[in-house]
2 protein chains.
Amino acid sequence: MEYDVLLSMLEKREFKELKDEMENMHPVDIVEMLEDGLEYGKIDKRQMILLFRLLAKEEAAEVFTDMTSDTREVLINALTDSELEEVMEEMYVDDTVDVLEEMPANVVDRLLMATDEETRQKINALLNYPEDSAGSIMNIDYISLNKEMTVADAILKIRQVGINKETIYTCYVTEKKKLIGVVDVKDILTSGESRKIEEIMDENVIYAKTLDDQEEVAETIRKYGLIAIPIIDHEMCMVGIVTVDDAMFVLQDEATEDISIMAGVSPSEGSYFGTSVFRHAKNRSLWLMLLMLSATVTGEILGRYESAMAVMPVLITFIPMLMGTGGNCGSQSSTLVIRGIAVGEIEFKDIFRVIFKEVRIALVVSLILAMVNGLRIYIMYDQDVMLAVAIGITMIAVVVMAKTIGCVLPLAAKKIGLDPAIMAAPLITTILDTCTILVYFRIVTAFFHI
Amino acid sequence: MEYDVLLSMLEKREFKELKDEMENMHPVDIVEMLEDGLEYGKIDKRQMILLFRLLAKEEAAEVFTDMTSDTREVLINALTDSELEEVMEEMYVDDTVDVLEEMPANVVDRLLMATDEETRQKINALLNYPEDSAGSIMNIDYISLNKEMTVADAILKIRQVGINKETIYTCYVTEKKKLIGVVDVKDILTSGESRKIEEIMDENVIYAKTLDDQEEVAETIRKYGLIAIPIIDHEMCMVGIVTVDDAMFVLQDEATEDISIMAGVSPSEGSYFGTSVFRHAKNRSLWLMLLMLSATVTGEILGRYESAMAVMPVLITFIPMLMGTGGNCGSQSSTLVIRGIAVGEIEFKDIFRVIFKEVRIALVVSLILAMVNGLRIYIMYDQDVMLAVAIGITMIAVVVMAKTIGCVLPLAAKKIGLDPAIMAAPLITTILDTCTILVYFRIVTAFFHI
């Protein structure tokens, strides 16, 4: 819907028509309309609240769930307790928990007041799982069957209880709460009505535990192409499921987090525009400061070779190129290794295979670069062969060193329990700058006896 | 299964037991066992082929689908035509197409010979869609209903045909092949048997077109939390579906591709170890060469200020720090903007909001850095206030410039149809190196009248 249409309908108080219009929209699109409208100043808060109130109960719950926490807070402050209660009643428990986790304590109290006792207990149980654990993102509604049931019984059970469950496409077979099998609705629907669940269930269940990291759980869902994965507690009892749509968001958030860290930015939960200027500055300053101070070491070393540069001023002109190439080579290697670790291809035990591979790549790459650069020097600096050779040797040494350090550091970080992503471009470049300057002046001072 | 157990079973020719063992494994785990075994030299090719032959037909097809193309080629060369035919018969058409797309022409011919006429036609139709389009990854098997059917009819149809479909959890309502509605199996199962499909279907269908980019389609699946999305052709006729498990792989591949480009590596389809040394070298050399030659510009400019550095040799020691900080600031901004573009938060129209935000962040960050650095200079360089002030001013200018250029270039790249990811660290750093040196020497030469 265009904003001018929307606004004119609001102005003419055509609420019935607006309600119908929004009923035909996907909740995700309604959220986009409301939030973009606020962000670009097309609608004001009062209008946003009015539009939200026009939504049908079920749709309102979904819209509320999908919103950013900022928009949600505007609504929480505006809605009456009974309105809030209606919205919360329609929400899935796991979504309620996600909402609560982002809210200030006084708002949480108000929201919890608006739910019934049973739900409140479930919510409290979920709130106790550590952040980023499977337990904290799982859904406690799922369909459990028992192995004695026939297919016909199972279909009946699904028909009766399925309407309240977020996903019903995988059913779990439990015995005294212990997970003993899994059966797809597809298999139930395509098996004879009198067959026992026991006969068609798969006993090799892929599951995760409540305290597993959410990223690992999402990765498992992706790897095996699952629609949902059962979550069990330390007593092997089934307590919930994590669904594929949640897994997709987890993987996207983790990729964003990795990319931020790789750019030397402390990751934050919020979106780019949703994060304040001071918060952004805080997320970026720490790394910059650390790197700035580290770079002074390179500067000091450079200062030590002042006399060499006084004798041969041309040496200074190659510094940016050598430092740049070293940094780029190192960050190419570290980035590919970091990604390989993230997607599970590379492990610490592969370290020697990785080094062997990188060294060979470095030799090929550096020979090409040294030749191109040698040719350039030969042409631009009056056919100075000695200079071309000296810079060429430096280039080969720098590239081999950069690629070796670049592939080893992320693996070493992983080994000692750090996030490998911190070993990406900014840090590796700073480390390599120092090494490059040292290697360069060692080689040229020896070569030209200065 | 441990490799020593596996090998001893192979040696004792306990094929029946091996077969049973593998039947209890997930196909994804079998692939991992075979490929890791080959890679780490635990089993040889002959043993791998033998193990594959032990698999039940259906499992063999899944294992074959999930393998890397290298392993697949080993099998294709070893299997007889009738064995291949059996495997291909069990594969979904879209998976067959994925397999064929990676194979050399003579192998494709052999594989196509092994399929029946009808499947061959379907395969050829799919092979004609451009790479990376929705058409090229879609599945042509799905369940279509018509609106006159009752819920009971629909359940009967699902029971009859569902067993051959990769996903049955969303059914599509078509009329003369045109897509007119969508209905979840969940809704079918939980509605009265005599209700018409027409009454329970949702007419606001979220769909994609055959020529849409696969990344956009995957992003839509993620955004709306779908299990599958219908794909329609230019005549609005439904031709297939893309499922959530394929979407997850597309998103992961695209993230890997973005991260590669951001590290100055031409993206390749293969995995890290699956790519040869020369291919790796080729993927990395082009950018390195370009950046190396660009860096010579910075070197030349540096050479021009030789006389200034001769007068004040201390100036040289600040170069690595200023160049490093400029590059890091720029790559922080460009990375966050690139990611914002990738996840759909930032668009070109936001350019002034982004610049305004980055400039404010730059002012906060640069003031902090200038103060810390000023203090360091004051202490380390005999309380030289003038020097501290000059470097401080340079720092502020460099950071503001770096953050502005860093946020503008990815948006500009997007605007002119380039991949914003190329404007990440390596390129932005090289550009900023030149700018930093210029700004630095302009300021200090003016400041100290040299």
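The model shown is predicted, which means the values in this text are computed figures rather than measured ones. (Residues numbered from 1 in each chain as written. Chains lettered and ligands numbered in written order. Predicted model: local features only at pLDDT ≥ 70, side-chain atom pairs only at ≥ 80, totals over all residues. Heavy atoms only, no water.)

Novice: Would you explain the overall build of chain A in this entry?
Specialist: For chain A, the helix and strand inventory stands at 22 helices and six strands. Against the 2.2 N^0.38 benchmark of 22 Å for 450 residues, chain A shows a C-alpha radius of gyration of 30 Å, more extended than a compact globule. By the burial criterion, 54% of the 450 residues in chain A qualify as buried. At a minimum sequence separation of 6, the contacts of chain A that also span at least 24 residues come to 67%. With the model as given, the accessible surface of chain A reaches about 19600 Å², and the carbon-plus-sulfur share is 54%. Across chain A, 40 positive and 73 negative side-chain charges occur, with their mean positions spaced 5 Å apart. (Helix = DSSP H or I, 4+ residues; strand = E, 2+ residues; numbered from the N terminus. Rg over C-alpha atoms; globule rule 2.2 N^0.38 Å. Buried < 20%, exposed > 50% of the residue type's maximum accessible area, 1.4 Å probe, protein only. Contact = heavy atoms within 4.5 Å. Areas by Shrake-Rupley, 256 points an atom, 1.4 Å probe, with all protein chains shown as cover. Lys, Arg positive; Asp, Glu negative; His and termini not counted. Charge placed at Lys NZ, Arg CZ, Asp CG, Glu CD.)

Novice: Explain the packing of aromatic side chains here, please?
Specialist: Each aromatic ring pair is characterised by the separation of its centres together with the angle its planes make. Applying the stated rule across the entire model yields 15 aromatic pairs over all chains. Aromatic pair Tyr305(B) and Phe441(B): ring centres 4.6 Å apart, planes at 10°, arrangement stacked. Of this pair, Tyr305(B) sits in the loop between helix H17 (277–304) and helix H18 (306–311) while Phe441(B) sits in helix H22 (residues 425–448), and the two are 136 residues apart along the sequence. The exposure classification of Tyr305(B) matches that of Phe441(B), with both residues buried. Ring centres 5.6 Å apart and planes at 50° place the aromatic pair Phe318(B) and Tyr381(B) in the tilted group. Of this pair, Phe318(B) sits in the loop between H18 and helix H19 (319–342) while Tyr381(B) sits in the loop between helix H20 (351–380) and helix H21 (385–415); the two residues are 63 residues apart in sequence, bridging distant segments of the chain. For Tyr381(B), a relative accessible area of 18% translates into the label buried. Taken together, the ring pairs in this structure connect Tyr305(A), Tyr440(A) and Phe441(A) into an aromatic cluster. Cation over ring: Arg353(B) sits above Phe273(A), and NZ or CZ is 3.9 Å from the ring centre. (Phe/Tyr/Trp six-rings, centres within 6.5 Å; stacked < 30°, edge-to-face > 60°. Lys NZ or Arg CZ within 6 Å of the ring centre and 35° of its normal.)

Novice: I tried to follow the side chain of Gln332(A) on my own but got confused; where do I start?
Specialist: Turning to its location among the elements, Gln332(A) is positioned in helix H19 (residues 319–342). Excluding residues that lie within four positions of it along the chain, Gln332(A) makes contacts with Lys403(A), Ala263(B), Gly264(B), Val265(B), Arg284(B) and Leu288(B).

Novice: Just to check I follow, could you spell out the interface of chain B and chain A for this structure?
Specialist: Interfaces are often sized by the amount of accessible area the parts lose when they come together. Contacts between the two partners involve 114 residues from chain B and, on the opposite side, 115 residues from chain A. Both faces considered, chain B and chain A share a buried interface measuring about 10500 Å² in area, 67% of it formed by carbon and sulfur atoms. For the interface between chain B and chain A, the tally reads eight salt bridges. Of the charged contacts, one joins Arg353(A) and Glu39(B) as a salt bridge, the two residues approaching to 3.0 Å between their closest N and O atoms. No other element matches H17(B), which puts 18 residues into the side of chain B that touches chain A. For the side of chain B that touches chain A, the class distribution of residues is 57 nonpolar, 31 polar and 26 charged. (Buried area = accessible area lost by both parts, 1.4 Å probe. Salt bridge = Lys/Arg side-chain N within 4 Å of Asp/Glu carboxyl O. Nonpolar A, V, L, I, M, F, W, Y, C, P; charged D, E, K, R; others polar.)

Novice: For this particular structure, what's the right way to read the state of the cysteines?
Specialist: One way to say it: the disulfide is the covalent bond shared by the sulfur atoms of two cysteines. Residue and element names in this part refer to chain A. According to the stated counting rule, one finds zero disulfides over all chains in the structure shown. With no disulfide of its own, Cys 237 has Cys 171 as its nearest cysteine by sulfur position, at a separation of 19 Å. The exposure class assigned to Cys 237 is buried, which follows from its relative accessible area of 12%. Not part of a disulfide, Cys 435 finds its nearest cysteine sulfur in Cys 329, a span of 13 Å. (Disulfide = S-S within 2.5 Å.)

Novice: Can you help me understand a negative patch on the surface in this one?
Specialist: All names here are of chain A. A contiguous patch of negative charge, built from Asp 98, Glu 101, Glu 131, Asp 132, Asp 213, Glu 216, Asp 253, Glu 257, Glu 269 and Asp 419, is present on the exposed surface. Those elements that place two or more of their residues in the negative patch are helix H8 (93–101) and helix H16 (244–262). Topologically, Glu 257 is positioned in helix H16. Looking at Glu 257, the relative accessible area reads 31%, which means it is partly exposed. (Patch = residues over 30% accessible without salt bridge, like charges linked within 9 Å, V, L, I, M, F, W, Y side chains within 5 Å.)

Novice: Where do I start with the relation of the copies chain B and chain A in this structure?
Specialist: Look at the two chain copies: a rotation about an axis and a shift along it is all it takes to match them. The operation relating chain B to chain A is a screw motion whose rotation component is 180°, with 0.0 Å of axial translation and a residual RMSD of 0.1 Å. Look at the turn and shift together and you get a two-fold axis relating the two. The overlap is high: 100% of the interface residues of chain B also sit at the interface in chain A, so the same surface is used on both sides. (Least-squares fit on C-alpha atoms with pLDDT ≥ 70 in both.)

Novice: What's the story with the side chain of Ser366(B) in this structure? I'm lost.
Specialist: All names here are of chain B. By secondary structure assignment, the location of Ser 366 is in helix H20. We classify Ser 366 as buried; its relative accessible area is 0%. Polar side-chain contacts of Ser 366 include one of 2.7 Å to the backbone oxygen of Ala 362. Every residue in contact with Ser 366, bar those within four places of it in the chain, is listed here: Met 395, Ile 396 and Val 399. (Polar contact = N/O pair within 3.5 Å; in protein donor to acceptor, adjacent residues only side chain to side chain.)

Novice: Would you mind showing me how to read the domain arrangement of chain A here?
Specialist: Each domain of chain A was delimited in the assignment, giving domain 1 (1–125), domain 2 (140–243) and domain 3 (275–446). Inter-centroid distance (C-alpha atoms) of domain 2 of chain A to domain 3 of chain A is 51 Å. (Domains from an automatic or database assignment.)

Novice: Looking at this structure, I do not really get the nonpolar core. What am I missing?
Specialist: A general trend in soluble globular proteins is that nonpolar side chains are found buried together. Phe52(A) and Phe52(B) are the most contacted members of the largest nonpolar core, which totals 124 residues. Setting aside residues no more than four positions away along its own chain, Phe52(B) makes contact with Ala60(B), Val63(B), Phe64(B), Met67(B), Leu75(B), Leu79(B) and Val87(B). Counting residues in each nonpolar core, the second largest holds 84 residues, with Val277(A), Ala295(A), Ile319(A) and Met321(A) among its members. (Core = buried A, V, L, I, M, F, W, Y, C linked by side-chain atoms within 4.5 Å.)

Novice: Quick question: what am I supposed to make of the sheet that holds strand E1 (residues 144–145) of chain A here?
Specialist: All names here are of chain A. Pairing within the open sheet is mixed, and its three strands lie in the order E1-E2-E3. Edge strands, defined here as strands with exactly one partner in the open sheet, are E1 and strand E3 (178–184). Pairing between E1 and strand E2 (residues 170–175): two bridges, direction parallel. Considered in E2, the bridge of Leu 145 is made with Val 173. (Pairing = 2+ DSSP bridges.)

Novice: What is the right way to read the UniProt feature "transmembrane region" (unreviewed entry) in chain A from this model?
Specialist: All names here are of chain A. Cross-referencing UniProt, the feature "transmembrane region" (unreviewed entry) maps to residues 359–379, 385–409 and 421–443 in the present numbering. The span residues 359–379 is 100% helical and 0% strand by assignment, and the distance between its end C-alpha atoms comes to 30 Å. Taken end to end, residues 385–409 has its terminal C-alpha atoms 36 Å apart, with 100% of it in helix and 0% in strand. (UniProt positions renumbered as here; feature names shortened; annotations may be inferred.)

Novice: Whenever I open this one, the packing of helix H15 (residues 214–224) of chain A against helix H16 (residues 244–262) of chain B confuses me. Can you help?
Specialist: Helix-helix packing is described using two parameters, namely the angle between the two axes and the distance between the axes. Orientation of H15(A) relative to H16(B), taken along the N-to-C sense of each, is 115°, at an axis distance of 8 Å. Two packed elements cross with a definite hand, and for H15(A) against H16(B) that hand is left-handed. Between H15(A) and H16(B), the residues in contact are Ala218(A), Glu219(A), Ile221(A), Arg222(A) and Lys223(A) and Met248(B), Phe249(B) and Gln252(B), respectively. Tallied by class, the residues present in the contact of H15(A) with H16(B) amount to four nonpolar, one polar and three charged. (Axes fitted to C-alpha atoms, helices over the stretch in contact; angles between N-to-C directions. Left-handed = near helix turned anticlockwise from the far one by under 90°.)

Novice: Explain unusual backbone geometry here, please?
Specialist: Excluding glycine, residues mostly carry a negative phi; peptide bonds, for their part, are mostly trans. The backbone phi angle of Asp132(A) is positive, close to 70°, even though this residue is not glycine. By the element assignment, Asp132(A) lies in the loop between helix H10 (117–127) and helix H11 (134–137). Judged by relative accessible area, which is 35%, Asp132(A) ranks as partly exposed. Positive phi is not limited to glycine here, since His449(B) has a value of about 50°. As for its position among the elements, His449(B) is in the segment after H22.

Novice: Is there a simple way to explain the sheet that holds strand E6 (residues 238–243) of chain B in this structure?
Specialist: Working definition: the strands of a sheet are paired by backbone hydrogen bonds and lie parallel or antiparallel to each other. Residues and elements named next belong to chain B. Here three strands make up an open sheet; going across it, the order is E4-E5-E6 and the pairing mixed. Taken across any chain shown, the strands that pair with only one partner, and hence form the sheet edges, are strand E4 (208–209) and E6. The pairing of strand E5 (residues 228–232) with E6 spans five bridges and is classified as antiparallel. Each bridged residue has a counterpart across the sheet, and for Ala 228 the counterpart in E6 is Thr 243. Those strands touched by helix H15 (residues 214–224) are E4, E5 and E6, and its axis lies near 140° from that of E5.

Novice: Explain the pattern of salt bridges to me, please; I cannot follow it from the model alone.
Specialist: When the charged atoms of two side chains with opposite charge come close together, those side chains can pair. Per the stated rule, a full pass over the model turns up 22 salt bridges over all chains. For Arg195(A), the salt bridge identified is with Glu199(A), shortest N-O distance 3.3 Å. You can call Arg195(A) partly exposed: its relative accessible area is 36%. The network of salt bridges with common partners includes Glu39(A), Asp350(B) and Arg353(B).

Novice: Teacher, can you tell me more about the pairing of strand E2 (residues 170–175) of chain B here?
Specialist: A regular strand carries its side chains on alternate faces of the sheet. Residues and elements named next belong to chain B. The element E2 is largely enclosed, with a buried count of five among its six residues. In the sheet, E2 pairs with strand E3 (residues 178–184) via six bridges, with the strands oriented antiparallel. For Val 173, the partnering residue across the bridge sits in E3 and is Gly 181. Counting the residues in the hairpin turn of E2 and E3 gives two residues, including Lys 176, whose phi is positive at 50°.

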